[in-house]
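Fold and contact review
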Amino acid sequence: MRKFFNWCRRYLSGMLLIVIAFVLFVLFFNDNSIMKSYEYSREIERLEKEIAENEDTLTHYLQLNRSLDTDPVTMERIVREQYHMQRPNEDVYVFEE
């Protein structure tokens, strides 16, 4: 143990230890540390994927809305499927899965 302290005293100066401690603090224990940056980048990737999925869903519903405004056949199909509406003298059977 004494040899280790003598070696440290000979080859490591106080200023070098302070610089090493500062670098370790900045890299691992600071608010802008490597670990936090990695976590933030993972969160950004997850949110970008979620945004892409939501944009796909939005475009689907916008197209459906446009087709409901212009196409009476689509309107009838959606009304029959979603709201179980029927024509006069027609029976509708609903099968729940």
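Residues numbered from 1 in each chain as written. Predicted model: local features only at pLDDT ≥ 70, side-chain atom pairs only at ≥ 80, totals over all residues. Heavy atoms only, no water.

Overview of the side chain of Thr 74
Here is the rule: Helix and strand assignments come from DSSP, with helices taken as H or I runs of at least 4 residues and strands as E runs of at least 2, each series counted from the N terminus. When a residue's accessible area, from a 1.4 Å probe over protein chains only, is under 20% of the maximum for its type it is buried; when over 50% it is exposed; and in between it is partly exposed. Polar contact is the term for a pair of N or O atoms within 3.5 Å; when the atoms are in protein, one must be able to donate a hydrogen and the other to accept it, and sequence-neighboring residues count only if both atoms are side-chain atoms. Here a residue-residue contact requires only that any non-hydrogen atoms of the pair lie within 4.5 Å.
In this structure, Thr 74 sits in helix 4 (residues 72–83). Look at Thr 74 and you get buried, because its relative accessible area is 13%. Within polar-contact distance, the side chain of Thr 74 engages the side chain of Asp 71 at 2.6 Å. Discounting chain neighbours no more than four positions away, the residues touching Thr 74 are Ser 67 and Leu 68.

Re the pattern of salt bridges
Operational definition: By definition, a salt bridge exists where a carboxyl oxygen of Asp or Glu is found within 4 Å of a side-chain nitrogen of Lys or Arg.
Counted by the stated rule, this structure contains 4 salt bridges. With its nearest N and O atoms 3.1 Å apart, the salt bridge here joins Glu 76 to Arg 80. Highlighted residues: Glu 76 and Arg 80, both in helix 4, separated by 4 residues, approximately one helical turn.

Concerning helix 4
For the record, the criterion: Multiplying 1.5 Å by the residue count of a helix minus one yields the expected span of that helix.
Across its 12 residues, helix 4 extends 16 Å between first and last C-alpha, which sits within 8% of the 16 Å expected from 1.5 Å per residue. A positive backbone phi angle near 55 degrees is found at His 84, which sits one or two residues after helix 4.

Let's talk about the packing of helix 3 (residues 34–70) against helix 4
In plain terms, the rule: In this analysis, axes come from line fits to C-alpha atoms, helices being fitted only over the stretch in contact, and the angle between any two N-to-C directions falls in the range 0 to 180 degrees. Note that the term roughly parallel is reserved for angles under 35 degrees, roughly antiparallel for angles over 145, roughly perpendicular for angles of 65 to 115, and oblique for everything else. Handedness of a crossing follows from how the near helix is turned relative to the far one, being left-handed for an anticlockwise turn of less than a right angle and right-handed for a clockwise one. Ten residue types, Ala, Val, Leu, Ile, Met, Phe, Trp, Tyr, Cys and Pro, are classed as nonpolar, four, Asp, Glu, Lys and Arg, as charged, and the remainder, Gly among them, as polar.
Contact pair helix 3 / helix 4: the axes reach a minimum separation of 6 Å and the direction vectors enclose 115 degrees. Classified by the angle their axes make, helix 3 and helix 4 are roughly perpendicular. The chirality of how helix 3 crosses helix 4 is left-handed. Contact residues: helix 3 offers Leu 64, Ser 67, Leu 68 and Thr 70, while helix 4 offers Pro 72, Thr 74, Met 75 and Ile 78. Across the contact of helix 3 with helix 4, the residue classes tally to 5 nonpolar, 3 polar and no charged.

Comments concerning the environment of Val 79
Turning to its location among the elements, Val 79 is positioned in helix 4. With 51 residues separating them in the primary sequence, Val 79 and Phe 28 have C-alpha atoms 59 Å apart. Those residues in contact with Val 79, other than ones at most four positions away along the chain, are His 84 and Met 85.

Some thoughts on the confidence of the model for the chain
Quick note on the threshold: pLDDT: the predictor's confidence for each residue, scored from 0 to 100.
Chain-level statistics for the chain give a pLDDT mean of 85 and a share of 100% at 70 or above. Helix 3 holds the highest mean pLDDT among the elements of the chain, 92, whereas helix 1 (residues 2–11) holds the lowest, 80.

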